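# Secondary and tertiary structure notes
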Amino acid sequence: MKLVKKLSTLALVGFLGLATTSCLNNDDNNDYSTFGFFPTTKIEVNQDSIMPVNQATNVHVTYQKTNSCQDFIQFSLLQGSTTFKHNIGVYGKQSSNTSCTEGIVQETKTLKFTPKEAGKYTLKFWIGNKEGSTAPKYDSIVLDIKEK
């Protein structure tokens, strides 16, 4: 019985050793990414295209990148959001690639907003922090979503 217990322990240790060992020889690769939010610069919605409940309204969101190594990931709900008030950030990543070209670039992505109930929705997009503070600043639009 002791032999079975020792063999089981040895097998577990061997398995853990194999599971945590990498076959790739890129441990010294300095490529990494950092994540954060891009400041929104413009929000547009064609008032004629505001859809009723359970249908997507296209909200065109323009945001600012500062170099070619920054990429959009998704729109994210931020703290303080409620049913009819959504604080939204443009979430992205910055790669550590050394061949990045510096320069301000404006990009536009479409947020497909699909509310589940009728009412006035305030969409507040993060535009940066207040000067000398970590408190966020927002630009907002109001969408009046009808039942049908």
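A brief structural summary. Only a predicted model underlies this, so the values are computations on that prediction, with no experimental measurement involved.

### A look at the sheet that holds strand S6 (residues 102-113)
In any sheet, the strands associate via hydrogen bonds between backbone groups, in a parallel or an antiparallel arrangement. The strand order across the open sheet built from three strands is S2-S3-S6, with neighbouring strands paired in antiparallel fashion. Edge positions in the open sheet fall to strand S2 (40-44) and S6, since each of these has one partner strand only. Averaged over all neighbouring strand pairs, the angle between strand axes comes to 20°, with direction disregarded. Where S2 meets strand S3 (residues 57-67), four bridges bridge the pair, whose relative direction is antiparallel. When the bridges of S3 are listed, Glu44 appears paired with His60.

### With respect to the nonpolar core
Grouped together as the largest cluster of nonpolar side chains are 19 residues, with contacts concentrated most on Val59, Val61, Leu111, Leu123, Phe125, Ile141 and Leu143. Listing elements by their share of this core, those giving two or more residues are S3, strand S5 (85-95), S6, strand S7 (119-129) and strand S8 (136-145). Apart from the residues lying within four places of it in its own chain, the contact partners of Leu143 are Val45, Ile50, Thr57, Val59, Phe113, Gly119, Lys120, Tyr121 and Leu123.

### A closer look at the pattern of salt bridges
Pairing is possible between side chains of opposite charge, provided their charged atoms come close. What the rule picks out here adds up to three salt bridges. In this structure, the salt-bridge partner of Glu107 is Lys65, at a minimum N-O distance of 2.9 Å. Here Lys65 lies in strand S3 and Glu107 lies in strand S6, a separation of 42 residues in the sequence. Close ionic contact of Lys146 with Asp144 constitutes a salt bridge, the shortest N to O distance being 2.8 Å.

Rules and cut-offs
Residues numbered from 1 in each chain as written. Predicted model: local features only at pLDDT ≥ 70, side-chain atom pairs only at ≥ 80, totals over all residues. Heavy atoms only, no water. Pairing = 2+ DSSP bridges. Helix = DSSP H or I, 4+ residues; strand = E, 2+ residues; numbered from the N terminus. Axes fitted to C-alpha atoms, helices over the stretch in contact; angles between N-to-C directions. Core = buried A, V, L, I, M, F, W, Y, C linked by side-chain atoms within 4.5 Å. Buried < 20%, exposed > 50% of the residue type's maximum accessible area, 1.4 Å probe, protein only. Contact = heavy atoms within 4.5 Å. Salt bridge = Lys/Arg side-chain N within 4 Å of Asp/Glu carboxyl O.

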